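The chain contents come next:
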Amino acid sequence: MRANPEVLLVEDDPDTLQQLRGQFERRRFHPLAARNATRALSLIENNRHSSRPVLAVVDWDLSKGEDHRWNSGDVLARLARDVADCLVIVYSQNIDAFRVRSEIQRAHPRAWLHDKRDGDTSLVERVARLLDQRVGDLRVQDGAVVIHVPSHDEHHHREAVRLVVHHPEIVTFHSDTATKAVRRFGEWLTRHESCVRLVSLGNRKYRLDVRDEDQPAEA
Amino acid sequence: MSPVGAEGGLGVFVRDWTRSVVVLSEDGEIAVALRDCVDTGRAVVRDVRPAEFADVLAACRPWPWMVVGGGGDVPPALIAAAAARPFLVFWYGTMPAGLPAHARPAARFSDLAGMVNSALQRSVGGMSLSPGMGVDMPHGRRVRSAALEALIAAHPDGFDLPLQTFRSATRVLHLAGVPFRPRRDRAAGGVVLRPMAPAQEGDHR
């Protein structure tokens, strides 16, 4: 079953937004694009019960947007509160100013900061480094697919990607659909005799565990 | 449904169980600087103002792992919390009155950053802090006990708190079969983590 991971893109400049959308579509993401904070908050709300972005890229300064009811800080606070397992990158021309950094980190304490002056390519490379994780014999490729390295088989579900990029943290899933996808991923790991196994901690909480190579698989 | 953004408050007040370093300052400068040198996979830095301490205390479950402050004022809620719960207290500059005896000062920012990172990376008897939350035990098991996390991070120093504050640490150490227990040690200034004497093995009071 395929379910490409969503990426939330919040950028007030239409050309930059279009470039970012293209960059992420080429990497097999499903972009949720917004030119202002109000639209971004609607996208988060509308996707809350179906799918949730694995990644959000948020421009701190949204002054070019037409709707100023909400700002990027509101989007970050909402992500921190309701989509806590979404990796968040905030980029700004003023990322060096400690007041800006403090405001960002108070809105979303886990947000990664990126200097907008380094350009879009640098941002996309940063995203790739953040998402292209390796856990045991698994690798996330292009942030969108989990590959079992020994067999080269691919698993294409966003919830599998979410688990791998968050390893060793515990991830909470928020719908039956998501937990079913996670269990299917666990079965896929078992079928492939992966050294990584899915650990259920109850209440829709899961994490991945890497078995030592010299330990036998649990029955 | 209309989009809802700000009314739930800043992300720094979101309740969760991740290990938290609460940084109190009037302008956020210490928190911003610490965030740059702390492994954020091991702990989340919460940048708050002194007047917000009670709110952030409620957000950190079960309680903050560490509170870092600076300046001359200590929120009354911090004094009360530090007298009841085991968490590390580091203070940048001269320590004001009211902080617990186990609070530690740092004269320079580099000292403070070093103290925070050392606490995050400390290992005692094969136990160390897991990324995010919990403790990695010697045989690969992972357990949850905020009191044990505090004892490991403070080692070899201790906490000026009653021994019964560390019951959860005693319980998980016993269940995991690790021969260490919280013990009151006058020389260390409070309750510390100590190896058990052979005759004490099986003791889980």
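None of these values were measured; they are calculated from a predicted model.

All names here are of chain A. Read from one edge to the other, the open sheet built from 5 strands follows the order β2-β1-β3-β4-β5, with strand pairing classed as parallel. A strand with exactly one partner marks an edge of an open sheet, and here the two such strands are β2 (30-34) and β5 (112-115). Across the sheet, the axes of successive neighbouring strands diverge by a mean angle of 20°, strand direction being ignored. Note: strand β1 (residues 6-10) against β2, 5 bridges, orientation parallel.

The next point concerns the sheet that holds strand β1 (residues 20-24) of chain B. Residue and element names in this part refer to chain B. The strand order across the open sheet formed by 5 strands is β2-β1-β3-β4-β5, and the pairing between neighbours is parallel. Strand pairing shows two members of the sheet lacking a second neighbour, β2 (44-48) and β5 (104-106), which therefore form its edges. Strand-to-strand twist of the sheet, defined as the mean angle between neighbouring strand axes without regard to direction, takes the value 20°. Packing of helix α4 (residues 109-121) onto the sheet brings it into contact with β3 (66-70), β4 (88-92) and β5, and relative to β4 it is tilted by some 165°.

Right, let's get into the interface of chain B and chain A. Listed by partner, the interface residues are 30 residues for chain B and 22 residues for chain A. A salt bridge links A:Arg101 to B:Asp36; its shortest N-O distance comes to 2.7 Å. For the pair chain B and chain A, the interface holds 13 residue pairs in polar contact (both at pLDDT 80 or more). Broken down by element, the residue count for the side of chain B that touches chain A peaks at 5 residues, all from helix α1 (residues 29-37) of chain B. Of the residues contributing to the side of chain B that touches chain A, the split by class is 13 nonpolar, 7 polar and 10 charged.

Rules of the game
- In every chain, residue numbers begin from 1 and rise along the written sequence.
- Here the convention is simple: chains get letters from A, ligands get numbers from 1, in the order in which they are written.
- pLDDT decides what is reported in this predicted model: residues at 70 or higher carry local features, side-chain atom pairs at 80 or more are listed and counted, and totals for whole chains, interfaces and linings draw on all residues regardless.
- By convention in this description, side-chain values take in all heavy atoms of the structure and omit both hydrogens and water.
- Pairs of strands are assigned from DSSP output, requiring at least two bridges between the strands.
- Secondary structure follows DSSP: runs of H or I at least 4 residues long count as helices, runs of E at least 2 residues long count as strands, and numbering of each begins at the N terminus.
- Fitted lines through C-alpha atoms give the axes, limited to the stretch in contact for helices. The angle between two N-to-C directions lies from 0 to 180 degrees.
- Residues count as neighbours in contact if any of their non-hydrogen atoms are within 4.5 Å of one another.
- Any Lys or Arg side-chain nitrogen located within 4 Å of an Asp or Glu carboxyl oxygen qualifies as a salt bridge.
- Side-chain atoms alone can form a polar contact between residues adjacent in sequence; in general such a contact is a pair of N or O atoms within 3.5 Å, and within protein one must be able to donate a hydrogen while the other accepts it.
- We call Asp, Glu, Lys and Arg charged. Ala, Val, Leu, Ile, Met, Phe, Trp, Tyr, Cys and Pro are nonpolar, and the rest, Gly among them, are polar.

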